[in-house]
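Residues per chain, in single letters:
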Amino acid sequence: MPTPDYTATENLPILFSRDQIQARVAELGHQIREDLNGEPAVLIGVLKGAAIFLADLARNIGADCTFDFVSASSYKSGTQTSGAVQLIKDLDEPIENKNIVVIEDILDTGVTLSFLYSHFERHKPRSIRIAALLDKPSRRIQPIRADYVGFEIPNEFVVGYGMDYAERYRNLPDIRILTPEVIA
Ligand code: 5GP
Ligand code: MG
Ligand code: MG
């Protein structure tokens, strides 16, 4: 297999290496498996950033799971959020009376997840859990917390492991800090 060419992003500082991510995702998966206590669950990924996290997390949960995906837009320009969220893609299957685990890449202002939480709650699931790979508590506007957090991070813009800048960098295996030189 040829080695992928990540040379263009080599100068972006690594915040979490692929090994650190894998180790932490395994811990989260085992915790979720324990908490589900043998009951089945619907894993709901928030597109697109959570796709890779969901794929890895799901394989560490190892319980009876199905997948569903939603997509929401929070009208962000740069680091500002308007507080308005629009649902772009809703669930495919009903979640009434099911255990759901909502899977997000980053919990930032909390605007997106609190919107989604209320949306899911209206469909009367049996339980709702939130798993966020990264959490930036200093940025929170809405008082929402995740049940499972991979890593707390400072207020830096990160890319890789599913997370993008202008749709790029999602395929980087490590999580890196997007430095101002690259944005320019
Ligand atoms: P919130 O509604 O919590 O402010 O927005 C959360 C969403 O904004 C995240 O799920 C993610 O898609 C995006 N986001 C927030 N911070 C970052 C970041 O540092 N890097 C990237 N790539 N996306 C981010
Ligand atoms: Mg996201
Ligand atoms: Mg994005």
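Structure shown above.
The rules behind each value
Residues numbered from 1 in each chain as written. Chains lettered and ligands numbered in written order. Predicted model: local features only at pLDDT ≥ 70, side-chain atom pairs only at ≥ 80, totals over all residues. Near = placed C-beta within 6 Å. Helix = DSSP H or I, 4+ residues; strand = E, 2+ residues; numbered from the N terminus. Nonpolar A, V, L, I, M, F, W, Y, C, P; charged D, E, K, R; others polar. Buried ≥ 20, exposed ≤ 12 C-beta atoms within 10 Å, placed from the backbone. Contact = placed C-beta atoms within 7 Å. Core = buried A, V, L, I, M, F, W, Y, C linked by C-beta atoms within 7 Å. Pairing = 2+ DSSP bridges. Axes fitted to C-alpha atoms, helices over the stretch in contact; angles between N-to-C directions.

Chemist: A description of the site of ligand 1 should follow, citing residues and the corresponding values.
Modeler: Around ligand 1, a shell composed of 19 residues is seen, among which D108, T109, V111, T112 and M163 lie nearest. When residues of the shell around ligand 1 are traced back to their parent elements, those giving at least two are β7 (99–107), α3 (111–121) and β10 (158–159). Broken down by element, the shell around ligand 1 gets its largest block of residues, four residues, from β7. Split by residue class, the shell around ligand 1 holds nine nonpolar, six polar and four charged.

Chemist: Explain helix α2 (residues 51–61) residue by residue, including any values.
Modeler: Buried within α2 are the following residues: I52, F53, L54, L57, A58 and I61. Looking at the buried side of α2, the elements it contacts are α1 (18–36), β2 (41–47), β3 (65–73), β7 and β8 (127–135). Where α2 terminates, the next one or two residues include G62, which has phi positive at roughly 60°.

Chemist: Lay out the nonpolar core in plain terms, naming residues and giving numbers.
Modeler: Of all hydrophobic cores here, the largest spans 40 residues; its most connected members are L43, F53, L57, V101, V102, I103 and A131. Beyond its immediate stretch of four places on either side in the chain, I103 contacts L43, I44, G45, V46, A50, F53, L54, L57 and A131.

Chemist: Could you give an account of the sheet that holds strand β1 (residues 14–16), with specific residues and numbers?
Modeler: What the three strands build is an open sheet, ordered β1-β11-β10; its pairing is antiparallel. The open sheet terminates on both sides in strands that have one partner only, identified here as β1 and β10.

Chemist: Give a description of the environment of L116 that names residues and reports values.
Modeler: Here L116 shows up in helix α3. With near-sequence residues (within four places) excluded, L116 lies in contact with V46, V70, A72 and V102.

Chemist: Give a description of the sheet that holds strand β6 (residues 86–89) that names residues and reports values.
Modeler: In space, the six strands of this open sheet follow the order β6-β3-β2-β7-β8-β9, with mixed pairing throughout. The open sheet terminates on both sides in strands that have one partner only, identified here as β6 and β9 (148–152). Each adjacent strand pair in this sheet contributes to an overall mean axis angle of 25°, direction not counted. Across four bridges, β8 lies against β9 in parallel orientation. Opposite D135, over in β9, you have E152 as the bridge partner. Across the sheet, α1 is in contact with β2, β7, β8 and β9; its angle to β9 comes to roughly 160°. Most of the contacts of α2 go to β2, to which it runs at about 160°, and overall it touches β2, β3, β7 and β8.

Function-wise, these values are silent; they only describe arrangement.
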